[in-house]
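# Survey of secondary and tertiary structure
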Amino acid sequence: MANFETTYLGLNLKNPLVAASSGLTSSVDKIVELENAGIGAVVLKSVFEEQINHEVTGMISKNMQNNSYPEAEDYIKGYTRDNTIRKHIELIEEAKKAVKIPVIASINCISATEWTTFAKEFQNAGADAIELNIFYLPTDRNEKSGVVEQLYIDVLKKVKLEVSIPVSVKFGVHHSNIVGMAEKLKGNGAAGIVMFNRFYEPDINLDTLELAASEVFSSPADIRRTLRWVGLVSSMVPKIDIAASTGIHDGNAVIKQILAGAQVTQLCSTLYMNGTGVVTQMMTDIYEFMKKWNFKKIEDFRGRLSYKNIPDPMLYERSQFMKYFSNKK
Ligand SMILES: Cc1cc2nc3c(=O)[nH]c(=O)nc-3n(C[C@H](O)[C@H](O)[C@H](O)COP(=O)(O)O)c2cc1C
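Keep in mind that this is a model prediction, so the values were computed, not measured.

## Digging into the overall build of the protein
- Regarding its fold elements, the protein presents twelve helices and 13 strands.
- For the protein, the residues scored as buried account for 48% of the 329 residues in total.
- In the protein, 70% of the contacts between residues at least 6 apart in sequence involve partners at least 24 apart.
- Surface exposure of the protein reaches about 17400 Å², of which carbon and sulfur atoms provide 53%.

Take a look at the structure:
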């Protein structure tokens, strides 16, 4: 009998399949459905720092048009914030009552400001851990990359001051030194990292000559940019839990990420596209793989093909297509 158990951020998971933060984890019903489908843990839909600010601005300008007096501003700010947070706190509390799997709260943020104090409320509501989804888009040509990286560290440090539950950081692939970034996050208290987030990307509509949103879902080929960094970081930054994310659509993708050194894998697009039934198929694929190679538990193959464990680690560093083209007739 295969044992699929794993740990992630110090939590015990029955398997390495985690539902990533998205609309699929925004209600208790959906979370229960995910648990019934066999998922190992859920990351709740993010509370957006931006969303809170937007609501505040919207309400204030509406009130200003109504000639309300300026003192109302503080009240509205306080009310809107509390309302948004209260809803999220209720979601954490109810999800914790409804399911046995770990429930990870998620905050989408770009600054180490006042909002960081909310993190404590999520811990008090019962969240097993907190995932910080940090995305800062630098457009100032004079801004140094070190300053941008420091922003991520500052957010983490501020949140760590508020909570005692584990904190992980989810970031994007566009950093100048990903191994260094992972090490700094670890050094500043991150229990884990999620590599990588995937964002709305712009496209251009040639029919209307307008900027448009591109496809929101990933494709299975997207696993490759994550795989390299999971293989490298798992070898070079000891004792940090890696959640591989982006492009994980089937059991084979999960197996590959674990072979590269991931602690767990996060699923989003495949759940949207194929429904929660895909979890059973993935578990069957993992079972068949373990049976074929006579692996009894996940630890038997975790990191087996990471950077430090393969005979030719340079394969992880290869970035040019030279050999491919030199072999072509
Ligand atoms: C519709 C949708 C909503 C999402 N919402 C969030 C969110 O609230 N917070 C977050 O950290 N990531 C969010 N994501 C990103 C996913 O959690 C995930 O990191 C990304 O989609 C890559 O994984 P995938 O290739 O399995 O889709 C969202 C993705 C989609 C498609």
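## Quick look at the packing of aromatic side chains
- In the structure shown here, the tally under the stated rule is five aromatic pairs.
- Between Phe 289 and Phe 295, the aromatic rings sit 5.7 Å apart at their centres with planes inclined by 50°, giving tilted as the arrangement.
- Given the relative accessible area of 15%, Phe 289 is considered buried.
- Ring geometry for Phe 295 and Phe 301: centres 5.3 Å apart, planes at 20°, overall stacked. Like Phe 295, the residue Phe 301 is buried in the burial classification.
- Through a chain of ring-to-ring contacts, three or more aromatic side chains come together here, namely Phe 289, Phe 295 and Phe 301.

## A word on the site of the ligand
- Residues in close proximity to the ligand total 20 residues, the closest being Ser 21, Ser 46, Ser 218, Gly 247 and Ser 269.
- In the model, an oxygen atom of the ligand is placed 3.3 Å from a nitrogen or oxygen of the Ser 245 side chain.
- Note that an oxygen atom of the ligand is positioned 2.5 Å from one of the side-chain N or O atoms of Ser 269.
- Relative to its unbound accessible surface of 610 Å², the ligand loses 89% to contact with the protein.
- Residue composition of the shell around the ligand, by class: seven nonpolar, ten polar and three charged.

## Things to note about the pattern of salt bridges
- Taken as a whole and assessed by the stated rule, the structure comprises eight salt bridges.
- Ionic pairing is found between Lys 96 and Asp 128, a salt bridge with its closest N-O pair at 2.9 Å. Residue Lys 96 is located in helix H3 (residues 72-98), and its partner Asp 128 is located in the loop between helix H4 (118-124) and strand E7 (129-134); the two are separated by 32 residues in the primary sequence.
- Across the pair Lys 297 and Asp 300 runs a salt bridge, and its minimum N-O distance is 2.9 Å.

## What about the side chain of Ser 306?
- Note on placement: Ser 306 falls in the loop between helix H10 (278-293) and helix H11 (314-317).
- Once you skip the residues sitting within four places of it in the chain, Ser 306 turns out to touch Gly 231, Ser 234, Ser 235, Leu 259, Ala 260 and Tyr 316.

## A word on the nonpolar core
- Membership of the largest hydrophobic core comes to 85 residues, with the highest contact counts inside it found for Phe 122, Leu 132 and Phe 171.
- Not counting residues within four places of it along the chain, the set of residues in contact with Leu 132 comprises Ile 107, Cys 109, Trp 115, Val 155, Leu 156, Val 159, Val 167, Ser 168, Val 169 and Lys 170.
- Listed in part, the twelve residues of the second largest apolar core include Tyr 8, Leu 9, Ala 41 and Ala 243.

## Here we look at the pairing of strand E12 (residues 241-245)
- Of all five residues making up E12, five are buried, and the element is well covered by its neighbours.
- Residues of E12 alternate between two faces, with Asp 241, Ala 243 and Ser 245 on one and Ile 242 and Ala 244 on the opposite face, all of them buried.
- Bridging between E12 and strand E13 (residues 264-267) involves three bridges; their strand directions are parallel. Within the sheet, the bridge partner assigned to Ala 243 lies in E13 and is Val 264.
- For the crossover that starts at E12, traverses helix H8 (residues 251-260) and ends in the parallel E13, the hand is right-handed.

Procedures and definitions
Sequence positions are assigned chain by chain, starting from 1 and proceeding in written order. Two thresholds apply to this predicted model, a pLDDT of at least 70 for residue-level local features and 80 or more for giving and counting side-chain atom pairs, whereas whole-chain, interface and lining totals are computed over all residues. Heavy atoms from the whole structure form the basis of all side-chain values; hydrogens and water molecules are not counted. Secondary structure elements follow DSSP: runs of H or I no shorter than four residues count as helices, runs of E no shorter than two count as strands, and numbering proceeds from the N terminus. Buried, partly exposed and exposed residues are distinguished by accessible area as a fraction of the type maximum, computed with a 1.4 Å probe on protein chains only: under 20%, between the cut-offs, and over 50%, respectively. Contact criterion: two residues are considered in contact whenever any of their non-hydrogen atoms come within 4.5 Å of each other. Under the convention used here, a 1.4 Å probe and the Shrake-Rupley method define accessible areas, while residue burial counts only the protein chains that appear. By convention, a stacked pair of Phe, Tyr or Trp rings (six-membered ring in the case of Trp) has centres within 6.5 Å and planes under 30 degrees apart, an edge-to-face pair has planes over 60 apart, and any other such pair is tilted. We call a residue near a molecule or strand as soon as one heavy atom of that residue lies within 4 Å of the molecule or strand. Pairs of N or O atoms within 3.5 Å make up the polar contacts considered here, provided that, within protein, one atom can donate a hydrogen while the other can accept it, and that residues adjacent in sequence are counted only when both atoms are side-chain atoms. Amino acids are sorted into nonpolar (Ala, Val, Leu, Ile, Met, Phe, Trp, Tyr, Cys and Pro), charged (Asp, Glu, Lys and Arg) and polar (every other residue, Gly among them). Each salt bridge in this description consists of a side-chain nitrogen of Lys or Arg and a carboxyl oxygen of Asp or Glu lying within 4 Å of one another. In this text, buried Ala, Val, Leu, Ile, Met, Phe, Trp, Tyr and Cys residues form a nonpolar core when linked through side-chain atoms within 4.5 Å. Between any two strands, pairing holds if DSSP finds at least two bridges. If the strands point away from the viewer and the path from the first strand over the helix to the second runs clockwise, then the crossover is right-handed.

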